[in-house]
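Inside the fold
Listed below are the residues making up each chain.
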Amino acid sequence: MDFNLASSTIGAIREFIDSQTSRGDLKSLALKAGASSERVMRIKISGNMRDPNYRSKTQLMGEIIDAVYEDFEKPEADGIFLRMTEHLLRARVEWIPAEEIETLERGLAASNLSIAQVTGPTGVQALLESTADSTRISDLKEATDLLTKGLLRLSTDKPGAVTACTSACESTCRIALERLGLPLPARKQLPDYLDALCDQTNIMALARVSGEETKGLFGSLRGLARHTYRAAHELGDRHAQGERATDPTAIGADLAVVSCAALATVIAGTIERGELESVLPR
């Protein structure tokens, strides 16, 4: 199920954030949850009330927390609010008054959510965060942005998350080819990008260095890319499907997202280490 937060839920989360943070906590909380670093880092928090940069807690809530819904589309903004709630619950749950927990629980229930769901298993989220770190280190900005988008939509818009992660994988392959000055495939689709990467670079040879089994593993990932791409068209929002459209299940979305993350991580790693080379004659 995707969670489209009701206004009463957003209000309850905002009240919870306000009650569980100090003025100095707001920037780090927002950044951890995926808010716009460009906006948040421009805001200076001074402890001197006479300083022109001084802002009250109310002002900071407006400029940092409320601005999330200005900077992002609602599914992503909802995702950021849920992640802020998760961070606070995990860090402070033993010290949060029972009545505040109950108020938050009621607010979440308005969107068919519970605290247990917000703080549930985060394995796929952690994998996407790690993959985004890998693409960031390799200076693959478009892929990083798309992975972050997928991460923020994972609990609020599964089709959008699948589409974003598939596009991130395509972007990783494309930039790898472009940086080596290699021709792009005629069809700009994930299987074709990966075929071009395998045919024109040493990535298969790199996989074989550790043995034939690792080469086989990469071959399996290559086959997985085809299934992932087809699944993205069934589960994602790349094309309008009319009345045939169905929301992906949690496991369906996880499979597609994890597959894309695995491919992007492997390819970004070869770029970061400077291992990827062209095998075409010069």
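The rules we used
Per chain, residues are indexed from 1 in the order of the written sequence. Reporting in this predicted model follows two pLDDT cut-offs: at least 70 for local features of residues, and 80 or more for side-chain atom pairs to be given and counted; totals over whole chains, interfaces and linings ignore these cut-offs and use all residues. Side-chain calculation: all heavy atoms of the structure are included, whereas hydrogens and water are not. Exposed residues in this analysis have more than 50% of their type's maximum accessible area, buried residues have under 20%, and partly exposed residues fall in between, with area computed by a 1.4 Å probe over protein chains only. Helix and strand definitions follow DSSP, with helices as H or I runs of at least four residues and strands as E runs of at least two, each counted in order from the N terminus. In this description, the arc belongs to the directions extending from the helix axis to the C-beta atoms. For this analysis, residues touch if any pair of their heavy atoms sits within 4.5 Å. The aromatic pairing rule takes the rings of Phe, Tyr and Trp, using the six-membered ring of Trp, and pairs them if the centres are within 6.5 Å, calling planes under 30 degrees apart stacked, those over 60 edge-to-face and the rest tilted. By this rule, a helix spans an expected 1.5 Å times one less than how many residues it contains. A carboxyl oxygen of Asp or Glu within 4 Å of a side-chain nitrogen of Lys or Arg is what we treat as a salt bridge. The rule is simple: put a 1 Å grid over the protein atoms alone, call a set of points where a 1.4 Å probe fits but cannot get out a cavity, call an open set with protein on both sides within 12 Å along at least five of seven lines a pocket, and count a residue as lining if it has an atom within 4 Å of a point. Grid points are joined across faces, edges and corners, and a volume is the space filled by probe spheres set on the points. Residue type decides the class: Asp, Glu, Lys and Arg count as charged, Ala, Val, Leu, Ile, Met, Phe, Trp, Tyr, Cys and Pro as nonpolar, and the leftover types, Gly among them, as polar. Buried Ala, Val, Leu, Ile, Met, Phe, Trp, Tyr and Cys residues form a nonpolar core when they are joined through side-chain atoms within 4.5 Å.

A closer look at helix 4 (residues 57-65)
Among all positions of helix 4, only Lys57, Leu60, Met61, Ile64 and Ile65 are buried. Relative to the axis of helix 4, the buried residues are bounded by an arc of 105° and lie together on one face. Taken together, the buried residues of helix 4 touch helix 1 (7-20), helix 2 (25-33), helix 3 (37-42), helix 5 (68-71) and helix 6 (74-92).

Some thoughts on the packing of aromatic side chains
In this structure the tally under the stated criterion is one aromatic pair. Note on Tyr69 and Phe81: the rings are 5.1 Å apart at their centroids and 80° apart in plane angle, and the pair reads as edge-to-face. Taken together, the positions of Tyr69 in helix 5 and Phe81 in helix 6 put the pair twelve residues apart, joining distant regions of the chain. For Phe81, a relative accessible area of 1% gives the class buried.

Digging into helix 1
Given a rise of 1.5 Å per residue, 14 residues ought to cover 20 Å, and the 20 Å separating the end C-alpha atoms of helix 1 matches this to within 8%. Residues of helix 1 that are buried include every one of Thr9, Ile10, Ala12, Ile13, Phe16, Ile17 and Gln20, and no others. Angular distribution of buried residues about the axis of helix 1 spans 160°; they occupy a single face of the element. Relative to its buried face, helix 1 has exposed residues pointing more than 90 degrees away, namely Ser7 and Glu15. Turning to helix 1, the residues buried within the fold contact helix 2, helix 4, helix 5, helix 6 and helix 7 (98-109).

Some points on the pattern of salt bridges
Applying the stated criterion to the full structure yields 17 salt bridges. Measuring nitrogen to oxygen at the nearest pair gives 2.9 Å for the salt bridge that ties Arg153 to Glu76. Of the two residues, Arg153 sits in helix 10 (residues 141-153) while Glu76 sits in helix 6, which places them 77 residues apart along the sequence. Both residues of the pair, Arg153 and Glu76, count as buried. Note that Asp157 is salt-bridged to Arg153, the shortest N-O span being 2.4 Å. Of the two residues, Asp157 and Arg153, both sit in the buried class. In the salt-bridge network here, residues are joined through shared partners; they are Glu73, Glu76, Arg153 and Asp157.

Description of the layout of surface pockets
In this structure, the largest pocket spans a volume of roughly 700 Å³. As for the largest pocket, its lining consists of 27 residues, and the residues nearest its centre are Ser37, Arg136, Thr144, Asp145 and Thr148. Those elements giving two or more residues to the lining of the largest pocket turn out to be helix 2, helix 3, helix 6, helix 9 (123-137) and helix 10. The dominant element in the lining of the largest pocket, judged by the number of residues it contributes, is helix 10, at eight residues. Residue composition of the lining of the largest pocket, by class: ten nonpolar, six polar and eleven charged.

Quick look at the nonpolar core
Leu128, Leu194, Leu197, Ile203, Phe218 and Ile267 are the most contacted members of the largest nonpolar core, which totals 42 residues. Secondary structure elements with two or more residues in this core: helix 9, helix 10, helix 11 (158-179), helix 12 (190-200), helix 13 (203-208), helix 14 (212-235) and helix 15 (250-272). Each residue touching Phe218, except ones within four places of it in the same chain, is listed here: Leu194, Cys198, Ile203, Met204, Ala207 and Val266.

Re the environment of Asp195
Assignment of secondary structure puts Asp195 in helix 12. Counting along the chain gives 22 residues from Asp195 to Cys173, while the straight-line C-alpha distance between them is 9.6 Å. Residues contacting Asp195, with those up to four places away along its chain left out, are Arg222 and Arg226.

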